[in-house]
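Observations on the model geometry
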Amino acid sequence: MTQTLHERATLSKADFQSDQETRWCPGCGDYAVLAAVQGVMPELGIPPERIVFVTGIGCAGRFSYYMNTYGMHAIHGRAPALATGLAAARADLSVWIVTGDGDALSIGANHLVHALRRNVPVKILLFNNRIYGLTKGQVSPTSERGKVTKSTPAGSIENPVEPVSLALGAGATFVARTVDRDKHHLAAVLRAAAEHPGTAFVEVLQNCPVFNDGAFAHVTDRAQALEHAIPLEHGRPIRFGPEGARGVVRAPDGALAVADVADVGEEALVVHDARRADPSLAFALAHLGDLTRGPVPLGVFRSVAAPAWGAGLVATHREARE
Amino acid sequence: MTQTLHERATLSKADFQSDQETRWCPGCGDYAVLAAVQGVMPELGIPPERIVFVTGIGCAGRFSYYMNTYGMHAIHGRAPALATGLAAARADLSVWIVTGDGDALSIGANHLVHALRRNVPVKILLFNNRIYGLTKGQVSPTSERGKVTKSTPAGSIENPVEPVSLALGAGATFVARTVDRDKHHLAAVLRAAAEHPGTAFVEVLQNCPVFNDGAFAHVTDRAQALEHAIPLEHGRPIRFGPEGARGVVRAPDGALAVADVADVGEEALVVHDARRADPSLAFALAHLGDLTRGPVPLGVFRSVAAPAWGAGLVATHREARE
Amino acid sequence: MAATSAERQERVIVRFAGDSGDGMQLAGGRFTDATAVFGNDLATLPSFPAEIRAPAGTLAGVSSFQIHFAARDIATPGDAPDVLVAMNPAALKANLAALARGATIIVNEDAFSKRSLQKAGYEDSPLDDGSLEGFELRRVPMTTLVTRAAEAIDGASTRDAQRARNLFALGLLSWLYDRPTEVTERWVEQTFAEKPIVRDVNLAAFRAGLAFGETTELVGARVHVPPATDVPPGTYRNVNGTTTTALGLIAASVRSGLPLVLSAYPITPASELLHDLSRRSALGVRTVQAEDEIAAAGIALGAAYGGALGVTATSGPGMDLKMETIGLAVALELPLVVIDVQRAGPSTGMPTKTEQSDLLMALYGRHGESPLPVLAASTPGGCFEAAFEAARIAIEHRTPVILLSDLFLANSSEPWRIPSAAELALIDPSFAESVDPDIPFLPYERDERGVRPWAIPGEEGLQHRIGGLEKADGTGEISYDGANHARMTALRAAKVAAVDVPAVAVDADPDAELLVLGWGSSEGALRAGVRRVRERGRPVARAHLRHLNPLPADLGDVLRRFPRVLLPEMNAGQLAHELRARYLVDIRSHATVEGRPLYAGEVEQAILEAMAA
Amino acid sequence: MAATSAERQERVIVRFAGDSGDGMQLAGGRFTDATAVFGNDLATLPSFPAEIRAPAGTLAGVSSFQIHFAARDIATPGDAPDVLVAMNPAALKANLAALARGATIIVNEDAFSKRSLQKAGYEDSPLDDGSLEGFELRRVPMTTLVTRAAEAIDGASTRDAQRARNLFALGLLSWLYDRPTEVTERWVEQTFAEKPIVRDVNLAAFRAGLAFGETTELVGARVHVPPATDVPPGTYRNVNGTTTTALGLIAASVRSGLPLVLSAYPITPASELLHDLSRRSALGVRTVQAEDEIAAAGIALGAAYGGALGVTATSGPGMDLKMETIGLAVALELPLVVIDVQRAGPSTGMPTKTEQSDLLMALYGRHGESPLPVLAASTPGGCFEAAFEAARIAIEHRTPVILLSDLFLANSSEPWRIPSAAELALIDPSFAESVDPDIPFLPYERDERGVRPWAIPGEEGLQHRIGGLEKADGTGEISYDGANHARMTALRAAKVAAVDVPAVAVDADPDAELLVLGWGSSEGALRAGVRRVRERGRPVARAHLRHLNPLPADLGDVLRRFPRVLLPEMNAGQLAHELRARYLVDIRSHATVEGRPLYAGEVEQAILEAMAA
Ligand SMILES: Cc1ncc(C[n+]2csc(CCOP(=O)(O)OP(=O)(O)O)c2C)c(N)n1
Ligand SMILES: Cc1ncc(C[n+]2csc(CCOP(=O)(O)OP(=O)(O)O)c2C)c(N)n1
Ligand code: SF4
Ligand code: SF4
Ligand SMILES: [Mg+2]
Ligand SMILES: [Mg+2]
């Protein structure tokens, strides 16, 4: 453990950068997320060899090659299963999953749902670009209805699945949403996720300039963000808009709604409570608006303490060795 | 169509009973559900040959053999995929899926989630006995934490997935819950499901006397039911208990809670609204209590009009023939 | 009856049959234990109704348990029973076809009511319509006798009495074959210690059975089967293939120092292994019931990546689903043990019937060139070594290994000598350790056996990335270079081919012209069939394969040494097909797909025909 | 340069290479169209960088397009290019190895800046360090020339000019090989009708290229390749295997009267088929992008159950996942077409490289005995018949059929004669109809071909239940009877074996001693290789298989007719293995797994070696 302390003192971003040339398209949102993750890692005080990135298949899946940690680039959709096995065998590792909207919510949704309900001690970063990037532009389960893609030339006839709602429906204990463009928000959410003992599910809204450019312009572009992004902070009244002029209130029928603070008064605003055992508030927030039109809440929707799934058989890798 | 009308006039329960000997254990809840389904079918006015039951593997999966309709006993967890294909090819059929908690929520959860988000025109009956019946008693994804089964001799260390919440999280347009023992409630829910144009998801709490007897005694046994079962009726204040003494209200923090009507007054009760576009109320109701301890809302949680997934290529099977 | 031929004295086959609710498995199990204690060699075969519970009294609901015991050298649970105990009409009807004329049938007369006859689909009672001509029929009013015996015990309900009929039958057979009674009585006392009434009723029923045999001549002379003499010394336990497989995996975990992580999704007949290992957490075993077979394979592989002995077990349909993940393990070159407890296919097939039809899938069921070692267990006891060996190869050669078992092996049991730890080789995972931080770690650099280093997370300085994309030889970095791909394809194949496989053990008579080759659970039937042919004075040779990939280096020579090779298997001729391709030898296939183990008798016939042909 | 040998005049191989952003696929495509219009026989092969987009200017980002055209009888896209157009250093470096000495290299001189040389990993410029000794190097300042040409057009940005460099290269090559220019100019005008500036810049660049060839002797004498003369009359279209597969399926839909439902999950290189068919809803085609490959197979099978032509398409990893559902289709005995566009495995392997390594999986990749017909397409145009035939067999024999294609066939194109509907056989689904309500419907009663009736939902009186459990012969009710299982296993196998397969077409020289046998996409290379051997005056025979299960009835005889059989394939010898098992013939395997099509040259060598051996 002294070793860890020693390393914590000296760890830097460079310690987490592998020698592999990053191979994403110019301008891809994945670069920003990679930088953010490499930036936050040193703060965790965990030496690189105790960290494992298990990734799925997709552009997002290439993430593991760029981290100077242990890494497994698995098969499409199965990263949560592999990571669960790793967690079952080893309690001494910090296990991270990087996945895409197709990898996690199309072929891999079953494993995602079960990792979440089990509360396996892994952090899941879902890069949601609402498109299939690696296979060059087919519709994804998060693509909006009517979306024209190579596989839906006449427009998609399907409703998108909303990652935060699905995660809450599966019983997730930690659910957050952030964006590739805001490195401070991204870093803050990553820290919170890293601290969560069970499964931490983080949806990262990520831009794919090649096949779905500007999908999140309304939450990343400064001016528009002010109108559409709702920052969630535990224990704080939920407000947004220019000078926080707008806020979230409970309508008479119990549903959440957006109102002008001037009209309803600050006291009327709903105070965000991410620690509530009942996930209903988090779920309602996720339905304030849809990803396409907004408003889009950003931050930690839910973070409740709950026993993490089975402690590993092997306390440390040394024990596995002796 | 005249033929249909003609048949509607003459269809009886017997027209839907196959010549196969039912092979469930004595006292199995599946018998009651089978009887209810066969009882409701004639009311739909659809001739048996236009009805198809696609079932998964499990005790519940045997259902298709007992219906004198077209039927496919598929493979484990894949019934939703097969039914989706059938719906893609044929718009003139009434397609029903019968599945179990393991079939639908363990191996088949991915297909379930996608059928729900697509809103495929099929009715899904999930027989939830919170155990693996056919394979003789292993833990199921709906088994309660701590459950001792053949595969969890020391008790399950996993949290159950709650079918109604998962369905709502996936964007289901029709979600209901009923019990094997109450044939009237069962019939009413089946009728409502049959009328829903998109995917109708119905969780049937089903007793497995052999491997998980009495799992739902608290909602089926007359006396206890009064305490634990919360009947949901659209447009009506939500109350239950002896003489409807208890009801559901909104706590100051916006969460739903149970209260004595005497204390809060009838006007304070939440009025059930199954047709609301925002699924948050339905979701909150599903979290009033858990399946094991109750209270357990029964009835239609959600029923909203939404375009059913792609009209079939083939209007009627005749056209497929010419 | 059983006292007609010497053979009969030598070896006896008894089958208990009744309704699922009649406790036949219990009666059979107890009889087996007593027989093991007595010192006979034995083999058993339980047969359950199809997965779903059928209505009581119907044919679909019949459950049976067969035991074959003898003074020496038991090879199979036997073909045709000498004695059938039928607790009801359905049990009689369902099992009659299995009997040879002259066999003894002991029925519970009381159970042949009009109603139960109908349920079994009998017009008139077979006990009276002469349809049992040629069999030694023994009518015993078991229900009446047990009820009477139970009357003495106050508090005993008729229900209790009903439930104890199986012990009456057990008592009767125990007398007939002179089984030690204390064993059974002690078991009853311990099992029902908390339920004195049930205990007493069962004891009473058991003794009533003994007394009935003693006092009436109804069931003919009692038969004596001398204890086995030719078995090597050691502590024996009567176990089925599921238990021995579990113990073999645990032994491998102990000898390798790697914690055992089994992940499986329930499926008949593999579920029992999950159940068995779930009860052994005290031994450091960790079991995970996965959400499906794909996840089960992924969880096992993830655990292996972390330095555990990762195992996953399933049956046919589950194997289909695991293939993509097994292919990943081939590319990652990590240890993974995959156990396929075969059952009758295709598709859902017949979940409670046995078959050997997954061999070619095990060899070729993955896309691309993805070779891996394949082993097959051949006896319930042999599952131990097979499981241990599969784990050893996986760990030492960094490869997924498929171990083929089947429903017959999983359920049938035989006395098995518990090996001492010392007998078991040590398994060396030889984890990579960082020596010099300046020397870059090459995860795909190979040793002389073509094996790559295994560096598990936590080892400082050895951080590396692996994945399913083709890797550059040595560095393991992603490579789309054609020449490298050809080289890696060859290296992966060479590594598997280099697995050390023992030479074929051929048991040949001096001038044998015919070799009977087999694999998997048919070993017993082949051994017995060959013995019968030898007893006819005909020379013959026999060999049985445990390693199906790579095959023994000398197999080709062995095959060519005999003018004729007969390969009986419980499929459409899969191994025969594979061996023809490899050695261009015109192997004669005897293929049986009836959802049952081969019969010694049919093997004997097949051999004689092959000799005649 | 190209004017050195007559051969060169006869057939020319040109490769356009540049960065992914340089529009090489477009230049190649246009050149191909002009060539088709001109009347040459041709074959093309595009090569893309690995799925992920690599940084501009790097080796990983190089994209190329090769075309082989000649007066007659083109078999492959060719081995070594006669002319390489390299738009940047990386393109030169990545493709140099493919050139034979003496080949011509045309580079965009302006692109060889210090920076881009570094990006490509060059120390010094290969244009100057003599490393291109022995090649005919032609330096063309394309960027400069195009920019200059664009200056004339007002509103044209330098970016527009940069983007048009590929048209300059196209113009230069069009002049060199005397391609009709109108075709290209018309295309530019139509394509950029809305963007006048882009249109004009592209036209200017194209003409600049033509002019450059015309006015300078830099690129040597222009070459003339006379139009093809030996092609049968008809309307030709230049298409790749993806399009012909789509058209073949549509034709089968039309000729069977069954609506086409394709369900697939995206995967390279099969995605293109999904894209292509999604654009054809006007023809009644319905496509469904499923949530995964398991669902895709299930959706296709569900549609087939409803009376549609259900098709699913994928590549290796997806095939693994579909196997359980394909096994269900075997048990249900319903039509299902499964298309496997093979790529290099194992696991994720090399997604953008071709291979033929899924054959044994197609034959044996399911648990239990689950035989099904397997076909393989062998040329881009041939994918049409193969797809049509696969659908016909599936529908008429009520069975899943696996059609093996591969990345090479899917991407490479050739002129293809569009067949008239009349040439195509009618496909008869012969749906069951209820005749007499009193005669019970027997869903598993078979006709003389062993085919069961297909009653689709909606047909009054024919309600029945089917499933994956073993079925009783005739009634189709669940059966656990051993004898019935053996019978059904045999009936399923017999039904597949009864599929009508044409005799082997052998193209043999009078006294050929060696038969070159092949399957799938290697046909072109084998044809070319055999031709070369014949040009050497050596007699040889050639045959190519489209049906891999069942195999042609006369194949065994054909194989035995030749003292030597050589089987080149792009895997480790899978078909050779299968044929050895079936016919006990010592087939010599030439196995290449380099993620590329076979070269005519290597086939020629392999044949000569086999003859010498
Ligand atoms: C079993 C399997 N099916 C399909 C594929 C092809 N494939 C690779 S990545 C991918 C989806 C990529 O989309 P997403 O998960 O959103 O990741 P992104 O590329 O957008 O980051 C698919 C379908 C595969 N590699 N394996
Ligand atoms: C691919 C595959 N895996 C596993 C099985 C074994 N199996 C059959 S039914 C079943 C689960 C049954 O539980 P559930 O779905 O809850 O249905 P129930 O029997 O309780 O009605 C399992 C695991 C199978 N048939 N196929
Ligand atoms: S395709 Fe899109 S997601 Fe993928 S690397 Fe390029 S920009 Fe990023
Ligand atoms: S095992 Fe349970 S669910 Fe299955 S048939 Fe028996 S009682 Fe019903
Ligand atoms: Mg994506
Ligand atoms: Mg269940």
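Residues numbered from 1 in each chain as written. Chains lettered and ligands numbered in written order. Predicted model: local features only at pLDDT ≥ 70, side-chain atom pairs only at ≥ 80, totals over all residues. Heavy atoms only, no water.

Let us now look at the site of ligand 4. Within the structure, ligand 4 sits among Trp-24, Cys-25, Cys-28, Cys-59, Asn-129, Gln-206, Cys-208, Pro-209 and Phe-211 of chain B. Grouping the constituent residues of the shell around ligand 4 by class yields 7 nonpolar, 2 polar and no charged. (Near = heavy atom within 4 Å. Nonpolar A, V, L, I, M, F, W, Y, C, P; charged D, E, K, R; others polar.)

Another point: the sheet that holds strand β9 (residues 286-289) of chain C. Residue and element names in this part refer to chain C. Ordered by their spatial adjacency, 7 strands build an open sheet running β9-β8-β10-β11-β13-β12-β19, and the pairing between neighbours is mixed. The sheet is open, and its two borders are formed by β9 and β19 (547-549), each paired with just one other strand. Ignoring strand direction, the axes of neighbouring strands in this sheet form an average angle of 20 degrees. Where strand β10 (residues 309-314) and strand β11 (residues 336-342) come together, 4 bridges link them in parallel fashion. By the bridge assignment for β11, Ala-313 is matched with Ile-339. Relative to the sheet, helix α12 (residues 293-305) contacts β8 (260-264), β9, β10 and β11, its axis offset from that of β10 by approximately 165 degrees. (Pairing = 2+ DSSP bridges. Helix = DSSP H or I, 4+ residues; strand = E, 2+ residues; numbered from the N terminus. Axes fitted to C-alpha atoms, helices over the stretch in contact; angles between N-to-C directions. Contact = heavy atoms within 4.5 Å.)

What follows deals with the coordination of the magnesium ion (ligand 6). Every protein donor of the magnesium ion (ligand 6) is listed here as Asp-101 of chain B (OD), Asn-129 of chain B (OD1) and Ile-131 of chain B (O), and their distances to the metal cover 2.0 to 2.2 Å. Overall, Asp-101 of chain B belongs to the buried group, its relative accessible area being 2%. (Donors = N, O, S within 2.8 Å, 3.2 Å for Na, K, Ca; no water. Buried < 20%, exposed > 50% of the residue type's maximum accessible area, 1.4 Å probe, protein only.)

Taken residue by residue, the interface counts 36 residues in chain B and 36 residues in chain A. For the pair chain B and chain A, the summed buried surface comes to about 3,000 Å²; carbon and sulfur atoms form 52% of the total. A salt bridge links Arg-118 of chain B to Glu-158 of chain A; the nearest nitrogen and oxygen atoms lie 2.9 Å apart. The tally of links between chain B and chain A comes to 14 residue pairs in polar contact (both at pLDDT 80 or more). For the side of chain B that touches chain A, the elements supplying multiple residues, two or more each, are α4 (101-107), α5 (109-118), α6 (163-169) and α11 (280-286) of chain B. In terms of residue count, α5 of chain B provides more of the side of chain B that touches chain A than any other element does, 6 residues in total. The class makeup of the residues in the side of chain B that touches chain A is 17 nonpolar, 10 polar and 9 charged. (Buried area = accessible area lost by both parts, 1.4 Å probe. Salt bridge = Lys/Arg side-chain N within 4 Å of Asp/Glu carboxyl O. Polar contact = N/O pair within 3.5 Å; in protein donor to acceptor, adjacent residues only side chain to side chain.)

Attention now moves to the site of ligand 2. Around ligand 2, the surrounding shell holds 23 residues, and the nearest of these are Cys-59, Asp-101, Asp-103 and Leu-134 of chain B together with Glu-293 of chain C. Within the backbone of Ala-60 of chain B, an N or O atom sits 3.0 Å from an oxygen atom of ligand 2. A distance of 2.5 Å is found between a nitrogen atom of ligand 2 and a side-chain nitrogen or oxygen belonging to Glu-293 of chain C. When ligand 2 sits alone it has 590 Å² of accessible area, and the protein chains cover 99% of it. For the shell around ligand 2, the secondary structure elements donating two or more residues are α4 of chain B together with α13 (316-332) of chain C. Ranked by residues supplied to the shell around ligand 2, first place goes to α4 of chain B with 4 residues. Across the shell around ligand 2, the residue classes tally to 12 nonpolar, 7 polar and 4 charged. (Areas by Shrake-Rupley, 256 points an atom, 1.4 Å probe, with all protein chains shown as cover.)

Residues and elements named next belong to chain C. With respect to burial, β8 is a largely interior element, 5 of its 5 residues being buried. Here β8 shows two buried faces, one formed by Leu-260, Leu-262 and Ala-264 and the other by Val-261 and Ser-263. Two elements, β8 and β10, share 5 bridges in a ladder whose sense is parallel. Bridge pairing links Leu-262 to Val-311 in β10. Taken together, the 4 bridges between β8 and β9 define a ladder with parallel strand orientation. In the sheet register, Leu-262 faces β9, and the bridge partner there is Thr-287. With helix α11 (residues 271-278) bridging β8 and the parallel β9, this β-α-β connection has right-handed handedness. (Right-handed = clockwise from strand over helix to strand, strands pointing away.)

Both copies of the chain are placed relative to one another by a rotation about an axis and a shift along it. Mapping chain C onto chain D leaves a residual RMSD of 0.1 Å; the transformation is a rotation of 180 degrees accompanied by 0.0 Å of translation along its axis. Read as a symmetry element, the transformation amounts to a two-fold axis. A symmetric contact is evident, with 100% of the interface residues of chain C recurring at the interface of chain D. (Least-squares fit on C-alpha atoms with pLDDT ≥ 70 in both.)

All names here are of chain C. Tracing the chain through its elements places Phe-441 in the loop between β14 (413-417) and β15 (465-467). Separated by 338 residues in the primary sequence, Phe-441 and Ala-103 have C-alpha atoms spaced 71 Å apart. Each residue touching Phe-441, except ones within four places of it in the same chain, is listed here: Ala-432, Pro-453, Ala-455, Leu-462 and His-464.

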